[in-house]
Amino acid sequence: MPIEFRKNQALLTEVVSVEDAEGLLEWLQKKPGARIDLSACMHLHPANLQVLIAASVAIVAWPADAAFTGWLRSALAAPP
């Protein structure tokens, strides 16, 4: 499973596909103030990115890949 939902944090791992977006959205709607860990994420389908943007969720850890992290920070308007 590419998303591991914990109490107030979701860990996105490996390849997070379009099929995961609805579950992520539903979880975030039920968890105000939830946080996201992207440290193990290697690919994020744009549908999931849209969910993260709409939710204005806090990112607690970024992917190891610098280019991917730069792209995500830009898309999420997160400071470097």
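Residues numbered from 1 in each chain as written. Predicted model: local features only at pLDDT ≥ 70, side-chain atom pairs only at ≥ 80, totals over all residues. Heavy atoms only, no water.

The predicted model of the chain averages 95 in pLDDT, with 99% of residues at 70 or higher. At the level of individual helices and strands, the chain shows its lowest average pLDDT in helix α3 (residues 66-75), which scores 95, and its highest in strand β2 (residues 9-16), which scores 98. (pLDDT = per-residue confidence, 0-100. Helix = DSSP H or I, 4+ residues; strand = E, 2+ residues; numbered from the N terminus.)

As a further point, take the packing of helix α1 (residues 21-30) against helix α2 (residues 46-55). With their axes 9 Å apart at the nearest point, α1 and α2 run at an angle of 15 degrees to one another. Taken together, the axes of α1 and α2 are roughly parallel relative to one another. Both α1 and α2 take part in a crossing whose hand is right-handed. Every residue of α2 that contacts α1 at Ala21, Leu24, Leu25 and Leu28 is listed here: Ala47, Asn48, Val51, Leu52 and Ala55. (Axes fitted to C-alpha atoms, helices over the stretch in contact; angles between N-to-C directions. Parallel < 35°, antiparallel > 145°, perpendicular 65-115°, else oblique. Left-handed = near helix turned anticlockwise from the far one by under 90°. Contact = heavy atoms within 4.5 Å.)

Attention now moves to the sheet that holds strand β4 (residues 58-61). The strands making up a sheet are joined through hydrogen bonds of the backbone, oriented either antiparallel or parallel. Strand order in this open sheet of four strands is β1-β2-β3-β4, and the pairing throughout is mixed. Of all strands in the sheet, those bounded by a partner on one side alone are β1 (3-5) and β4. Across the sheet, the mean angle from the axis of one strand to that of its neighbour is 30 degrees, orientation sign disregarded. Along the sheet, α1 contacts β1, β2 and β3 (35-44); its crossing angle with β1, the most-contacted strand, is approximately 20 degrees. Where α2 meets the sheet, its contacts fall on β2 and β3, and the angle it forms with β3 comes to roughly 160 degrees. (Pairing = 2+ DSSP bridges.)

Bridge count between β2 and β3: seven bridges; the pairing is parallel. Counted as the bridge partner of Thr13 is Ala40 from β3. Each parallel crossover has a hand, and the one from β2 via α1 to β3 is right-handed. Of the strand pairs in this sheet, β3 and β4 are connected by three bridges, and their pairing is parallel. Bridge assignment links Asp37 to a residue of β4, and that residue is Ala61. (Right-handed = clockwise from strand over helix to strand, strands pointing away.)

The final tally for this structure, using the stated rule, is one salt bridge. For Glu4, the salt bridge identified is with Arg6, shortest N-O distance 3.0 Å. Arg6 gets classed as partly exposed once you look at its relative accessible area, which sits at 38%. (Salt bridge = Lys/Arg side-chain N within 4 Å of Asp/Glu carboxyl O. Buried < 20%, exposed > 50% of the residue type's maximum accessible area, 1.4 Å probe, protein only.)

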